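Listed below, chain by chain, are the residues.
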Amino acid sequence: MLNRRHIRVKVLQTIYAMHQSGSEDLAKEERFLFASLDSIQDLYLIVLTALTELRQKEADFLDKASKKHLATAADLKPNKKFIENRFLLLLDESTSLNNAVATRKITNWQQNDDVILLLLEDVKKSALYLKYMASGQKSFEEDKEFIMQLFSEVIAPNEKLYDYLEDFKLTWVDDIPLVNTALMKQFKTLDEKNPFEILPLFKDEEDQDFARDLFRKTVLNENDLAKEYIDRTPNWDPDRISEVDTIMLKLAICEFLKFPSIPVKVTINEYLEIAKEYATPKSSIFINGILDNLVKEFQKTDKLKKTGRGLM
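Cut-offs applied
- Residues numbered from 1 in each chain as written.
- Predicted model: local features only at pLDDT ≥ 70, side-chain atom pairs only at ≥ 80, totals over all residues.
- Heavy atoms only, no water.
- Helix = DSSP H or I, 4+ residues; strand = E, 2+ residues; numbered from the N terminus.
- Rg over C-alpha atoms; globule rule 2.2 N^0.38 Å.
- Buried < 20%, exposed > 50% of the residue type's maximum accessible area, 1.4 Å probe, protein only.
- Contact = heavy atoms within 4.5 Å.
- Lys, Arg positive; Asp, Glu negative; His and termini not counted.
- Charge placed at Lys NZ, Arg CZ, Asp CG, Glu CD.
- Expected span 1.5 Å × (residues − 1).
- Polar contact = N/O pair within 3.5 Å; in protein donor to acceptor, adjacent residues only side chain to side chain.
- Arc of directions from axis to C-beta.
- Core = buried A, V, L, I, M, F, W, Y, C linked by side-chain atoms within 4.5 Å.
- Phe/Tyr/Trp six-rings, centres within 6.5 Å; stacked < 30°, edge-to-face > 60°.
- Lys NZ or Arg CZ within 6 Å of the ring centre and 35° of its normal.
- Axes fitted to C-alpha atoms, helices over the stretch in contact; angles between N-to-C directions.
- Parallel < 35°, antiparallel > 145°, perpendicular 65-115°, else oblique.

**Comments concerning the overall build of the chain**
Assigned secondary structure in the chain consists of 16 helices and zero strands. Taking 2.2 N^0.38 as the reference for a compact globule, 312 residues should give roughly 20 Å; the C-alpha atoms of the chain span a radius of gyration of 24 Å, well beyond that estimate. Expressed as lengths along the three principal axes of its C-alpha atoms, the size of the chain is roughly 85 × 40 × 35 Å. Within the chain, buried positions represent 47% of all 312 residues. Across the chain, contacts joining residues at least 24 apart in sequence account for 82% of those joining residues at least 6 apart. Averaging the locations of the 45 positively and 53 negatively charged side chains of the chain gives two centres separated by 3 Å.

**Topic: helix H2 (residues 26-66)**
Its 41 residues place the ends of H2 60 Å apart at the C-alpha level, agreeing with the 60 Å of an ideal helix rising 1.5 Å per residue. The residue sitting at the N-terminus of H2 and contributing the capping side-chain oxygen is Asp25; that oxygen lies 3.4 Å from the backbone nitrogen of Ala27.

**Details of helix H7 (residues 113-125)**
Over its 13 residues, H7 extends 19 Å from the first C-alpha to the last, a length consistent with the 18 Å expected when each residue adds 1.5 Å. Within the span of H7, buried status applies to Val115, Ile116, Leu119, Leu120, Asp122 and Val123. Viewed end-on, H7 has its buried residues packed into an arc of 165 degrees, placing them on one side of the element. Where H7 is buried, its residues meet H2, helix H6 (108-111), helix H8 (127-134), helix H9 (140-155) and helix H10 (159-168).

**Concerning the nonpolar core**
One finds Phe82, Ile155, Leu165, Phe187 and Leu291 to be the most contacted residues of the largest nonpolar core, which totals 100 residues. Considering each element in turn, this core owes the most residues, 15 residues, to H2. In this structure, Leu165 is in contact with Leu43, Ile46, Val47, Trp172 and Ile176, ignoring residues within four places of it in sequence.

**Considering the packing of aromatic side chains**
The geometry of an aromatic ring pair comes down to the distance between the two centres and the angle between the two planes. Taken as a whole and assessed by the stated rule, the structure comprises 11 aromatic pairs. An aromatic cluster of at least three residues, connected via ring pairs, comprises Phe82, Tyr129, Tyr132 and Phe146. Lying over the aromatic face of Tyr132, Lys81 brings its terminal NZ or CZ to 4.5 Å of the ring centre. Stacked on the ring of Phe259, the Lys or Arg Lys217 has its end atom at 4.8 Å from the ring centre.

**Here's the deal with the environment of Asn108**
Turning to its location among the elements, Asn108 is positioned in helix H6. Sequence separation of Asn108 and Tyr132 is 24 residues, and the distance between their C-alpha atoms is 28 Å. Residue contacts for Asn108: discarding those within four places in its chain leaves Ile46, Tyr164 and Phe168.

**What about the packing of helix H13 (residues 222-230) against helix H14 (residues 243-258)?**
Two elements in contact, H13 and H14, have axes separated by 9 Å at closest approach and are oriented at 95 degrees. Between H13 and H14, the angle is such that the two are roughly perpendicular. Facing Glu222, Leu225, Ala226, Glu228 and Tyr229 of H13, the residues of H14 in contact are Thr246, Leu249, Lys250, Ile253, Cys254 and Leu257.

**Some words on the environment of Glu192**
Among the structural elements, Glu192 can be located in the loop between helix H11 (176-189) and helix H12 (205-220). Its relative accessible area of 41% is what places Glu192 among the partly exposed residues. Considered as a pair, Glu192 and Asp113 are 79 residues apart in the sequence and their alpha carbons are 29 Å apart. If sequence neighbours within four positions are ignored, Glu192 has contacts with Arg86, Leu90 and Phe140.

**Let's talk about unusual backbone geometry**
In this structure, Lys105 takes a positive phi of about 55 degrees despite not being glycine. Position of Lys105 relative to the elements: it lies in the loop between helix H5 (95-103) and H6. Despite not being glycine, Asp302 shows a phi value in the positive range, around 60 degrees. With respect to the helices and strands, Asp302 occurs in the segment after helix H16 (283-300).

**Regarding the environment of Thr218**
Its location among the elements puts Thr218 in helix H12. By relative accessible area, which is 1% here, Thr218 ends up buried. Sequence separation of Thr218 and Val11 is 207 residues, and the distance between their C-alpha atoms is 9.4 Å. Beyond its immediate chain neighbours, meaning those up to four positions away, Thr218 contacts Ile15, Asp213, Leu225, Lys250, Leu251 and Cys254.

Right, here's the structure in full:
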C-alpha cells in the first residue's frame, strides 16, 4: 500500500518533528516514525469497514421497518439490492479483513455509528444510488462498478467522514488520499471467485528497510550532509532557508551517496514533487538547482557510486 514517496514524506515529517522538539533520542523517534506508518493500516481498515457498516446499517433499518406495527407494502417487501450487493458481501465475508479488524481492535464505527448514519443518508440521496436501486440488472460486475463509483464520488470526498478521520488522528490528513487511491486500485482487481485479502502496509521488506535506513542514515549524518550544500547556495542566506528545505536536501543527498540502487533521477523527481506539496512555492526551484549542481560535481569527483544500469 505504501509507496516510496509517502515513506519519504513520513521520514521528512519525523525529522522535522525531531528538530522542532530538540530530541536526540534516535530510537524513540524511529519508533515514532514506524508508529506513524503503522497507523496507516488502521486508517485503511477503518475506511474499508465504513463500507461494510453502511450495508449493515441499511440491513438493520429494513429489518426494523418490516416489523413495524403498521408496516407498509414497501416495508414488508423492500428493495434489498444494496444490502445484497455482492461486492459488499465479499468484503463482509472476508476472513482476512475480519481477522485484521479483530487483531487491531478497530471499533470506530461501533463507537461512532452516527457518522455512518449520516454517510448512509448522503449515499441514499445520491443519484448514483437511486439509479442503481432502480436498475433491473443483477451481476457482480454491476455491483462492483456501483461501489467503485459510490466510493469515488460520494464516500471518499464526504466531508463528514473526512472530518471524523481528521479529528480521530490529525496525522492522517496526508494519508487519506493515499489510502483512498490504494483502495480504488484494489477494488479494480477484485473478482467474485477470490476472497478479499487486505493489503500489506509495505509492498515488501525492502521498502520497510528503506524507511528505517533513510531515517537513520540521514539523522546520523546530518552535519556531513549539510556540508555538501552549505557552500553551494551563494544566492541564498543559509539562515533563511526553510527547515523543510534543508531536510529535503539532506534526504536527497543521503540517497545520492548512501543508496546505490536508487537512480539519481528518481531521487530528484521525488523530492521536487514533495517540495511542491510540503514546502514554499520557490522550494522546488531552489532544491532542483542545488541537487543538479551537486550531481554534476559528484560525477566529476567520482563520489556518486550507483550500481546497475540506468541509475545515473
